[in-house]
Amino acid sequence: MVARRNIIIIIIIVVTIVILLMRLFFIQVLDESYKITAANNAFRYDVEYPARGIIYDRNKNILVENTTTYDIMITPRELKDIDTAELCTIFRLSPEEVKNIFKDLGRNRSYRAFTFLKQVAPERYAMFKERADRFPGFYAVVRTMRVYPRKVGGNVLGYIKEADTATINRNQYYKSGDYIGCTGIEESYEEVLRGKKGLSIYLRDSRNRIVEPYEGGRLDTSAVSGKNITSSIDADLQEYVQLLMQNKVGSVVAIEPSTGEILALVSSPTFDPALLSGLNRGQNFNALDSDPTHPLYNRAIMSRQPPGSTFKLVNGLIALQEETLTTTTHYHCGGRYPYGKGVGCHGHLSPVNFTNSIMVSCNSYYCHVFRNILENKKYSSTGLALDAWREKVQRFGFARKLGIDLPGEKEGIIASKQMYDKRYGENRWNPLTVISLAIGQGEIVTTILQLANMCATIANKGYYYIPHIVKAVGDGEKIAPEYYEKQYCGIDEKYFDHTIQGMYMAVNGIGTAWRVRLPDIELCGKTGTAENPHGKNHSVFVCFAPKNNPKIAVAALIENSGAGASFAAPVSALTVEKYLKGKISRTDLEQFMLGLDLVTNNPLYARK
Amino acid sequence: MHENKTDFRSIDWLSIVIYALLVSFGWINIYSTQSDTFEIFDFSKKHGIQLIWIAIAMMTAIVVMIISNRFYSVFANHIYLFAIALLIFTLLTGIEVHNSKSWISLGGMRFQPSELAKFATALCLARLFGSYEFKLNSLKSWTKTILIIVSPMSLILLQKDWGSALVFTSFLFVLYRQGMSGWALTFIAFAIVLFISSLLLPLLWIILGIIFITFIIALFTYKKLPLKAALSAVILFGAGWAYKYFTESETEYDILLVAVTAATIVASIIYTLIQERKLTKLYFALFFFCSTLTVYSVDYIYDNILSTHHRNRIETMLGIKEDIRDVGYNVYQSKVAIGSGGFYGKGFLQGTQTKLSFVPEQSTDFIFCTIGEEWGFVGSFTVILLYGILLIRMVVLSERQKIVFSRVFGYCVTSIIFFHFAINIAMTIGFAPVIGIPLPFISAGGSSLWSFTLLLFVFLKLDSANRRKNYEL
């Protein structure tokens with residue numbers, strides 16, 4: 001028995017060997033998949049980065065363009081002893097910095113490249129290229145960097161940054177180190193601007209040298225440049241309004257009523273977009289992010305404030321349409337609306353008709369108007385009347401996103417039956433409880449974009465185009481079709497004449513905005529003073545010009561300043577004059593606005 | 001002492017030629033992995049260092065041939081105790097490499113005492129079996145044998161060097177040759193198959209398999225097992241399985257199903273026993289219950305006792321988990337390298353996978369990748385063939401030994417080389433978990449080349465002494 005055991009051991013050895021050989025024959029000879037994978041390993045993928053699209057303003061001025069920089073990469077495996085002193089001279093590094101980089105490298109001897117230096121200027125790269133043979137293992141990758149010749153519109157344009165891990169995981173297109181647009185046009189038109197990366201596949205030999213293009217380059221794709229974008233922004237106007245808004249907190253939006261194109265969109269304080277491009281991006285971002293005035297926050301589409309008296313325009317139009325008010329209705333004003341808790345008013349001629357009520361911005365008048373809207377017999381209850389009113393307000397673009405082609409737009413709030421039922425209890429409130437809605441206070445919160453859009457709607461006598469910041473893509477291609485459709489607000493055209501006349505008189509009659517009268521320009525405007533529980537009132541103004549065939553509608557809000565006529569109105573009027581005339585005749589207003597500083601030394605904006 | 005003069009004609013030159021071929025071919029492939037240089041005598045590179053080790057190994061071989069063959073049997077126990085001491089010393093003061101504290105530094109040269117321990121254990125085992133009238137049939141002899149094997153093994157396990165510790169299980173072949181029951185070997189093999197299949201296959205299939213095998217054993221044991229009972233068991237099982245299949249019921253029915261079927265089989269067997277009045281051959285019943293128990297306990301052990309690390313390795317090896325990034329990376333890249341070699345290979349120095357650092361440990365544990373990639377199936381076939389010839393030659397030589405000491409030592413050497421060879425190649429092609437043991441004679445690394453040389457040449461010395469006619473004990 002024992003004698004046979006050596007045979008059994010030999011059999012075990014032979015069987016093992018046969019199994020191993022069968023497996024080897026399978027993976028080496030029969031199975032093709034391992035050969036393909038091996039080829040993958042021996043491939044080198046070279047990504048060609050497309051040039052990002054340029055952004056122009058409406059007059060073909062360049063707002064954003066590209067400049068070439070170079071990322072210097074190291075392949076650790078190919079690294080040899082190099083002259084670090086020379087490296088320091090070329091890239092203007094201190095020996096310590098170089099030493100630290102190599103320390104991080106440690107004993108890493110892989111073929112996986114890592115970034116040695118980012119965004120090296122072309123002249124430095126030229127110096128490096130001349131001596132590249134002395135630095136084995138070093139090579140350069142071309143990168144494009146955004147530059148901003150006009151230094152305007154930081155909040156409008158946005159910036160580009162390296163895609164983060166979350167983005168890379170979400171979207172197959174992005175790989176580590178790729179750039180992606182963030183906020184502004186850069187974000188909303190990312191796919192248009194970025195173009196498409198190209199890919200070249202090469203075979204490499206055992207020393208990682210490229211031998212030849214794979215399959216003669218048949219599978220290679222070339223990069224497709226990003227499309228250029230023409231913004232509707234007027235760079236000169238944008239620049240001028242930014243200048244006016246310096247040292248104020250607030251925002252200004254100017255719209256061309258006949259198209260819905262945004263001519264200027266200023267959120268103040270703003271930032272120089274160049275700060276978020278280039279080497280100090282991170283540092284600058286942190287500084288801007290921690291600034292108590294929040295320059296990165298796009299107030300024009302995100303900040304929600306009560307519209308104040310500018311909202312009387314909407315209430316008046318709704319009342320006319322509902323026929324709870326006629327243009328000849330007069331109401332007496334004794335300095336205050338005496339019902340309920342009462343609403344104060346200021347001294348003006350009395351009684352006033354509809355047109356004059358706008359001119360003098362009579363609070364009492366609009367309390368009567370709004371009470372009549374809510375007590376309309378058409379609706380069985382105040383609550384239903386309120387919701388009917390709300391619906392009409394929404395058609396002006398309030399309490400919903402207008403759909404501007406910028407990321408982060410906010411909706412705002414308009415009071416509803418549900419809201420008051422929840423707050424006061426069902427049937428526990430009446431028109432007098434909510435009377436402040438009449439004058440644009442209370443449960444009415446809007447963005448400046450929405451106010452500008454409302455103003456454009458009035459200028460157009462009943463319709464608007466969805467406000468948008470991009471005019472055309474690429475070589476005059478149209479943008480999304482919804483931007484070319486008229487949006488009606490549901491008020492008949494005939495009711496607008498009196499409203500517009502009131503706005504005209506507010507500026508050019510004995511109205512609230514007489515101080516911003518412009519020579520040769522028929523400016524129509526409406527002031528607003530939004531009560532602010534945290535400090536001085538917010539100054540609000542909406543206006544458009546000319547009265548016939550309007551070219552520009554503007555809404556402005558300056559936080560913590562005072563009456564609408566004093567601060568927002570001059571800014572708006574100057575904006576209109578700048579756009580229509582190209583020069584300023586009201587230099588007094590200009591001087592006043594330029595000299596006004598509401599930020600420095602203001603404890604509200606003090607760094608904590 | 002005339003027998004100490006080595007007679008060149010008495011040396012087994014076939015083994016030495018294969019040894020020389022494997023070492024040279026190994027060096028060529030180590031050189032190929034160090035692609036950055038063409039300098040042969042570059043002692044900062046692995047192939048340069050390997051040259052030094054080859055020289056040391058050759059000197060060792062010559063010294064072994066000069067020293068008396070009696071030295072090994074006389075000093076076997078001393079060498080064994082020295083090796084154990086060295087292992088303890090390593091455990092206390094060793095250097096940690098890849099999580100294993102298994103290296104000691106000897107004047108700048110690193111050395112793995114576990115390599116010496118294999119040699120020492122082989123000698124000690126040979127001496128024990130060679131002692132007067134030793135037979136593996138008493139508790140005392142078993143205790144001694146197991147103690148000799150398990151002591152160094154557990155010390156190496158304490159160093160967390162799993163691979164080297166597992167090599168000691170190869171002594172099972174030696175024990176088998178020296179009289180251990182063949183059932184034990186079969187049992188171990190079956191346990192491994194059962195373990196793997198219980199991880200891979202649905203429980204029901206395994207139970208089905210076990211029942212089937214039990215039935216066959218029972219049929220062979222009792223030739224008159226009533227066909228009706230057998231048939232009813234099968235039908236019952238099939239009906240139960242069909243019920244489960246159609247109702248898609250959950251696993252709780254499995255146990256019921258198995259229990260009912262088992263009861264039927266047991267009943268039919270008991271019936272046969274009463275008929276035949278023979279109660280002695282109960283192997284099959286034992287087999288059935290042990291197997292079933294094993295299958296049910298594997299899941300528990302697997303989920304509750306093994307660590308995630310080991311689970312991952314096992315799952316990757318079994319292909320349950322397709323993970324080419326993490327644990328499976330080494331094996332995946334290794335398979336790709338070998339597979340890409342094709343039939344004729346890419347040619348010397350032309351491999352891309354092993355050179356471009358796709359494969360880790362390319363000159364040591366994964367040297368076979370370079371062989372597979374650059375020399376193709378032809379190369380791997382040749383290498384495996386050389387090992388095959390060497391191993392079979394050694395079994396033949398061992399069997400030829402007149403004295404037990406030499407024969408047992410021969411089997412020990414064969415088992416160790418076989419284990420290393422089989423597991424190393426199997427792990428590079430995804431047939432065994434990556435336990436990190438070198439390929440004998442080929443892998444770069446001083447300790448392993450030196451210890452394999454020592455093992456082989458001591459045996460060749462013993463064999464040469466055995467061949468001479470005037471050899472005396």
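Description of the structure in this document. (Residues numbered from 1 in each chain as written. Chains lettered and ligands numbered in written order. Predicted model: local features only at pLDDT ≥ 70, side-chain atom pairs only at ≥ 80, totals over all residues. Heavy atoms only, no water.)

When you go through chain A residue by residue, the secondary structure sums to 21 helices and 22 strands. If you take every contact in chain A between residues at least 6 apart in sequence, the share linking residues at least 24 apart comes to 71%. As displayed, chain A has an accessible area near 26,900 Å², and 51% of this comes from carbon and sulfur atoms. (Helix = DSSP H or I, 4+ residues; strand = E, 2+ residues; numbered from the N terminus. Contact = heavy atoms within 4.5 Å. Areas by Shrake-Rupley, 256 points an atom, 1.4 Å probe, with all protein chains shown as cover.)

What follows deals with the packing of helix 15 (residues 363-374) of chain A against helix 16 (residues 382-395) of chain A. Each pair of packed helices can be summarised by the angle the axes make with each other and by the distance between the axes. Residues and elements named next belong to chain A. Here helix 15 crosses helix 16 at 110°, and the two axes come no closer than 8 Å. Considered as vectors, helix 15 and helix 16 are oriented roughly perpendicular to each other. Facing Phe370, Ile373 and Leu374 of helix 15, the residues of helix 16 in contact are Thr382, Ala385, Leu386 and Trp389. Of the residues contributing to the contact of helix 15 with helix 16, the split by class is six nonpolar, one polar and no charged. (Axes fitted to C-alpha atoms, helices over the stretch in contact; angles between N-to-C directions. Parallel < 35°, antiparallel > 145°, perpendicular 65-115°, else oblique. Nonpolar A, V, L, I, M, F, W, Y, C, P; charged D, E, K, R; others polar.)

What follows deals with the pattern of salt bridges. Applying the stated criterion across every chain yields a total of 27 salt bridges over all chains. Arg52(A) serves as the salt-bridge partner of Glu186(A), at 2.8 Å between the closest nitrogen and oxygen. Residue Glu186(A) is located in helix 8 (residues 184-188), and its partner Arg52(A) is located in the loop between strand 1 (43-48) and strand 2 (55-56); the two are separated by 134 residues in the primary sequence. The burial state of Glu186(A) is the same as that of Arg52(A); both residues are buried. Its salt-bridge partner being Arg423(A), residue Glu443(A) comes within 2.6 Å of it at the nearest N-O pair. Highlighted residues: Glu443(A) in the loop between helix 17 (417-424) and strand 16 (444-445) and Arg423(A) in helix 17, separated in sequence by 20 residues. Overall, Glu443(A) belongs to the buried group, its relative accessible area being 16%. On the basis of relative accessible area, Arg423(A) is assigned to the partly exposed category, the value being 48%. Look at the salt bridges and you will find they share partners, linking Asp12(B), Arg393(B), Arg400(B), Asp463(B) and Arg467(B) into a network. (Salt bridge = Lys/Arg side-chain N within 4 Å of Asp/Glu carboxyl O. Buried < 20%, exposed > 50% of the residue type's maximum accessible area, 1.4 Å probe, protein only.)

One broad trend across soluble globular proteins is that nonpolar side chains are buried collectively. The biggest cluster of nonpolar side chains holds 119 residues, and the ones touching the most others in it are Phe119(B), Phe409(B), Phe421(B) and Phe441(B). In terms of residue count, the dominant contributor to this core is helix 16 (residues 404-428) of chain B (15 residues). Leaving out residues up to four positions away in the same chain, Phe421(B) has contacts with Ile17(A), Leu20(A), Ile384(B), Tyr387(B), Leu391(B), Leu439(B) and Pro440(B). Ranked by size, the runner-up nonpolar core spans 100 residues in total, among them Leu157(A), Ile358(A), Val369(A) and Val470(A). (Core = buried A, V, L, I, M, F, W, Y, C linked by side-chain atoms within 4.5 Å.)

Time to look at helix 13 (residues 312-322) of chain A. Residues and elements named next belong to chain A. Of all the eleven residues making up helix 13, ten are buried; the element is thus mostly covered by neighbouring parts of the structure. Within the span of helix 13, buried status applies to Lys312, Leu313, Val314, Asn315, Gly316, Leu317, Ile318, Ala319, Leu320 and Glu322. Within two residues after helix 13, Glu323 carries a phi angle of roughly 60°, on the positive side.

Moving on to the sheet that holds strand 20 (residues 524-530) of chain A. Residue and element names in this part refer to chain A. Strand order across the open sheet formed by five strands is 12-11-22-21-20, with antiparallel pairing between neighbours. Of all the strands in the sheet, the pair left with one neighbour each is strand 12 (261-268) and strand 20. Along the sheet, successive strands turn relative to each other by an average axial angle of 5°, direction set aside. Pairing of strand 11 (residues 250-256) with strand 22 (residues 552-558) involves six bridges; the strand directions are antiparallel. For Ser251, the partnering residue across the bridge sits in strand 22 and is Leu557. Of the strands in this sheet, strand 20 and strand 21 (538-545) are in contact with helix 19 (residues 496-508), which crosses strand 20 at around 75°. (Pairing = 2+ DSSP bridges.)

So, on to the packing of aromatic side chains. Residue and element names in this part refer to chain A. Taken as a whole, this structure holds 39 aromatic pairs over all chains when the rule is applied. Relative to Tyr488, the ring of Tyr463 has its centre 5.7 Å away and its plane inclined at 55°; by these criteria the two rings are tilted. You can see Tyr463 sitting in strand 17 (residues 463-464) and its partner Tyr488 sitting in strand 19 (residues 487-488), a full 25 residues away along the chain. Classification of Tyr463 as buried rests on a relative accessible area of 18%. Taken together, the ring pairs connect Tyr70, Phe91, Phe116, Tyr125, Phe128, Phe135 and Phe138 into an aromatic cluster. The side chain of Lys60 reaches across the aromatic face of Tyr56, ending 4.4 Å from its centre. A cation over a ring is seen here: Arg371 above Tyr339, with NZ or CZ 5.5 Å from the ring centre. (Phe/Tyr/Trp six-rings, centres within 6.5 Å; stacked < 30°, edge-to-face > 60°. Lys NZ or Arg CZ within 6 Å of the ring centre and 35° of its normal.)

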